[in-house]
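# Observations on the three-dimensional arrangement
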Amino acid sequence: MTLPLMVRKSLRQHLLSTWITAFSIALAGGLLMAVWVVKDQSQTAFAGVNAGFDAVLGARGSKLQLVLNTVFHLEESPGNIPFSDYEQIRSNAAVRVAIPIALGDNYLGYRVVGTVTNLFHDVELSGGRRFALEAGRSFDPNLREAVVGGFVARRLGLKPGDKFQPYHGLIFNPNDQHAETYVVVGVLEPSNTPADRVIWIPLQGVQLMTGHDPKSASDISGVLIKFKDTSPLTARQLDLFYNKQGNRLTFAWPIAQIVAQLFNKIAWVDKVLALVAYLVALVATGSILVSIYNSMKERRRDIAILRALGARRRTIFAAVVLEAAAIAVLGMILAFVIHLGIMTGVASVVRAETGVVLDPWAPHLVMLWAPAGMVALAALAGVVPAWKAYRIPVAENLAPVS
Amino acid sequence: MALLEIRDLKKSYVSPEGAPTVVVDVPSFQLAASHQVALSGESGSGKTTFLNLIAGILAPDSGSIRIDGVEVSSLPEAARDRLRATKIGYIFQTFNLLQGYTCLENVLLGMSFGPGPNRGFAEALLRRVGLGDRLRHYPRQLSTGQQQRVAVARALANRPKVVLADEPTGNLDHRAAGDALKLIREACEENGAALLLVSHDRDVLAAFEHHQDLAKLNRAAAAGKEGCP
């Protein structure tokens, strides 16, 4: 009872500094946990997002660029390929599904992608799910109709019956609008994939859009491929055929490994963020030390009284160390709230920008070691003022300080 | 055998000039169990240092202090802390209550360093000193007289063998001082504790059958070498 009572009373007596210090710990802890969780979750989520495909066939260039462009709907297109390449790979016996896509337009910043209706019926997303319509129907390949991804529909308020005119290019330019008008005929249920951020129209819609080069009217931007079995043999053969023997096309496979390259390239960002988080944690720990150490002058009499009542030096020492640890505990409780806030914000931005879904509530090992580490660090920081308290002479400090 | 027995007790401090200054030099002093003795002591007579030595707050340079058969002067600091928590009650002139703790918590905390907190006894003590309706009040919410009564309850909380009182009425007005003194003496008597009270108030001293002049008892004070902190 004695130590908890002493700690509780001291925290209460120094309420303002307790909360300020706890808040700095909370910021540090929240940031530390968020950096780790965002890093790991985004890596896992991006690597896990293949939108139901095993590989991508596209123009010669970077595999990462091709995957980002066709699967994640980010980045510039490395170029177009003839429709015949799509037909060729579609006829490969090992290929179960081949979906051609054509890019080049947007509507208010969201990509307008030409494709075939097989995308909605034949592609199996993770967990055996398929694209499903929340409202309306799939588009007619011969009409100017569109199916809108769930995220775009919510953001732009599009619903079946609405009409829109796409803009040229992948980046929204209000002065570069196409003449064609499309009618929204369906809205997809959120699939938690980058497809949620896309407005899907018939393949020919993009190919034949006014302003596009008529010479490449039959070209496509890439082919998304799903194999019949998971054996890498066929994929290796295609890899050899397109990437080693040929020099016109790029076969990006496996998608997860290529996405991992992206994270390898930006690994330094993680390191910088982690370093910042560690520094913030150190500063916060230092603030505990300074805050308690500076309050020692006003605590001298209380400590002398406690000693005069029979408290041992080690009891006083333990109370100060425990107080530092208790501030860290308070801070780390708050840190979970801050972590949740940061994660919610980050998840919202990541989803808006990439369509990849992060889960702010997902547990992570850092939620164990970061609080434990912060509390241990704080207790360590408490040793310095505790040592000062330990050495306070009793007789000299029993008189009131005027 | 005396409850408190002191022989050749000496304590000196090093002055700012670097010279050792003897502040306590008591050849002999005794206090029997359950007895009540007042020491008259003017400012600078070394009375607080004398009481702090008995309480084990300070270690003597030489000499012997025996309390209930235990040689205090040779005990290590932790053992002196323990002895203070179990056998000695201390009432200070400035009460020395912990401002962040309620009346009850002040008494309970004193107990927790000794035999352990006993809420029933702590409440009974506070009721005895007339603060039964102030258990959850903080010291700042009490008058000075009431604060002194909390200090009395706290000093008796661990059923000490001896209560040391350093100018316990020094901060009280005449009427409150009389009430406080009566309470301290009665409470010590009821709890079987010996009382060693130091005061320079003639009225307080006159209330005791046994009183001694600390200035005569302490050779350092008598020799005019005082200068205790």
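Quick look at the structure, then. What you see is a predicted model; the values in this text were computed from it and never measured.

## Describing the packing of aromatic side chains
If you walk through the whole model with that rule in mind, you get 19 aromatic pairs over all chains. Seen in terms of ring centroids, Phe120 of chain A and Phe131 of chain A are 6.5 Å apart; in terms of plane orientation they differ by 85°. Their pairing is edge-to-face. With a gap of eleven residues between them, Phe120 of chain A in helix H5 (residues 118-122) and Phe131 of chain A in the loop between H5 and strand E4 (133-136) connect regions that are remote in the sequence. We note that Phe120 of chain A, like Phe131 of chain A, is buried. Arg313 of chain A extends its terminal NZ or CZ atom over the ring of Tyr390 of chain A, reaching a point 5.5 Å from the ring centre. In this structure, Arg185 of chain B is placed above the aromatic ring of Phe208 of chain B, and the distance from its NZ or CZ to the ring centre is 4.0 Å.

## Comments concerning the sheet that holds strand E5 (residues 70-71) of chain B
All names here are of chain B. Across the sheet, four strands lie side by side as E2-E1-E4-E5; this open sheet has antiparallel pairing. Looking along the sheet, the strands with just one partner apiece sit at the ends: strand E2 (20-31) and E5. Sheet topology note: the strand E1 (residues 4-14)/strand E4 (residues 62-67) ladder contains five bridges and is antiparallel. Considered in E4, the bridge of Ile6 is made with Ile65. Helix-sheet contacts for helix H1 (residues 47-55) involve E1, E2 and E4, and the interaxial angle to E1 is about 120°.

## Points about H1 of chain B
For H1 of chain B, the buried fraction is high: eight of the nine residues fall into the buried class. In the segment just after H1 of chain B, Gly56 of chain B is the residue with positive phi, at about 80°.

## Quick word on the side chain of Ser112 of chain B
If you trace the backbone, Ser112 of chain B turns up in helix H3 (residues 103-112). The buried category is assigned to Ser112 of chain B, whose relative accessible area is 14%. There is a polar contact of 3.3 Å between the side chain of Ser112 of chain B and the side chain of Thr2 of chain A. Not counting residues up to four positions away in its chain, the partners in contact with Ser112 of chain B are Thr2 of chain A together with Pro117 of chain B.

## Describing the pairing of strand E8 (residues 194-199) of chain B
All names here are of chain B. Among the six residues that make up E8, six are buried, leaving the element largely enclosed by the rest of the structure. Here E8 shows a buried face lined by Ala194, Leu196 and Val198 and a second buried face lined by Leu195, Leu197 and Ser199. Taken together, the five bridges between strand E7 (residues 162-166) and E8 define a ladder with parallel strand orientation. Note that in E8 the partner of Leu164 across the bridge is Leu196. As a crossover connection, the stretch from E7 through helix H6 (residues 174-191) into E8 is right-handed.

## Details of the interface of chain A and chain B
Each side of the interface is counted separately: chain A has 24 residues, and chain B has 25 residues. Of the roughly 2200 Å² buried at the junction of chain A and chain B (both faces included), carbon and sulfur atoms supply 61%. Summed over the three residues of chain A that lose the most area to chain B, namely Lys9, Leu309 and Arg312 of chain A, the buried surface amounts to 26% of that side. At the boundary of chain A and chain B, one finds four salt bridges. Seen at the junction of chain A and chain B, the total is eleven residue pairs in polar contact (both at pLDDT 80 or more). Those elements giving two or more residues to the side of chain A that touches chain B turn out to be helix H1 (2-13), helix H10 (267-308), helix H11 (313-354) and helix H13 (394-397) of chain A.

## A few points about the nonpolar core
Core analysis: the biggest nonpolar cluster contains 88 residues, and Phe29, Phe50 and Leu196 of chain B have the highest contact counts within it. Looking at this core element by element, the count peaks at 13 residues for H11 of chain A. In this structure Phe29 of chain B touches Leu4, Glu5, Ile6, Leu39, Phe50, Leu196, Gln212 and Leu217 of chain B, once residues within four positions along its chain are discounted.

## Observations concerning helix H2 (residues 77-87) of chain B
Within H2 of chain B, the full set of buried residues consists of Arg80, Asp81, Leu83, Arg84 and Ala85 of chain B. Looking at the buried residues of H2 of chain B, the elements they touch are H10 and H11 of chain A together with H1, E4, E5 and strand E6 (88-91) of chain B.

## Focus on the pattern of salt bridges
The final tally for this structure, using the stated rule, is 24 salt bridges over all chains. Here Glu71 of chain B ties to Arg66 of chain B by a salt bridge, and the two come within 3.8 Å at their closest N and O atoms. A relative accessible area of 17% places Glu71 of chain B in the buried class. Owing to a relative accessible area of 33%, Arg66 of chain B belongs among the partly exposed residues under this scheme. Within the structure, one salt-bridge network assembled from shared partners comprises Arg307 and Arg313 of chain A together with Glu77, Asp81 and Arg84 of chain B.

## As for the sheet that holds E6 of chain B
Each strand in a sheet pairs with its neighbour through backbone hydrogen bonds, running either in the same direction (parallel) or in the opposite one (antiparallel). Residues and elements named next belong to chain B. Across the sheet, five strands lie side by side as E6-E7-E8-E3-E9; this open sheet has parallel pairing. Of all strands in the sheet, those with a lone pairing partner are E6 and strand E9 (210-213), marking the two edges. On average, each strand axis in the sheet is tilted by 20° relative to the strand beside it, whichever way the strands run. Across the sheet, H1 lies against strand E3 (36-40), E6, E7 and E8, angled at about 155° from E7, the strand it touches most. Strand contacts of H2: E6 and E7, with the helix running at about 80° to E6, the strand carrying the most contacts.

## Things to note about the packing of helix H2 (residues 15-48) of chain A against helix H12 (residues 366-390) of chain A
Working note: a packed helix pair is described by the angle between its axes plus the distance between those axes. All names here are of chain A. Contact geometry of H2 with H12 gives a least axis separation of 10 Å together with a crossing angle of 150°. As summarised for this structure, H2 and H12 are arranged roughly antiparallel, according to the angle between their axes. As H2 packs across H12, the resulting crossing turns out to be right-handed. For the pair formed by H2 and H12, the contact residues are Ile25, Ala28, Leu32, Met33, Trp36 and Val37 on the first element and Val366, Met367, Trp369, Ala370, Pro371 and Met374 on the second. Residues that form the contact of H2 with H12 fall into these classes: twelve nonpolar, no polar and no charged.

The rules behind these values
Residues numbered from 1 in each chain as written. Chains lettered and ligands numbered in written order. Predicted model: local features only at pLDDT ≥ 70, side-chain atom pairs only at ≥ 80, totals over all residues. Heavy atoms only, no water. Phe/Tyr/Trp six-rings, centres within 6.5 Å; stacked < 30°, edge-to-face > 60°. Helix = DSSP H or I, 4+ residues; strand = E, 2+ residues; numbered from the N terminus. Buried < 20%, exposed > 50% of the residue type's maximum accessible area, 1.4 Å probe, protein only. Lys NZ or Arg CZ within 6 Å of the ring centre and 35° of its normal. Pairing = 2+ DSSP bridges. Contact = heavy atoms within 4.5 Å. Axes fitted to C-alpha atoms, helices over the stretch in contact; angles between N-to-C directions. Polar contact = N/O pair within 3.5 Å; in protein donor to acceptor, adjacent residues only side chain to side chain. Right-handed = clockwise from strand over helix to strand, strands pointing away. Buried area = accessible area lost by both parts, 1.4 Å probe. Salt bridge = Lys/Arg side-chain N within 4 Å of Asp/Glu carboxyl O. Core = buried A, V, L, I, M, F, W, Y, C linked by side-chain atoms within 4.5 Å. Parallel < 35°, antiparallel > 145°, perpendicular 65-115°, else oblique. Left-handed = near helix turned anticlockwise from the far one by under 90°. Nonpolar A, V, L, I, M, F, W, Y, C, P; charged D, E, K, R; others polar.

Keep in mind these values describe shape, not function.
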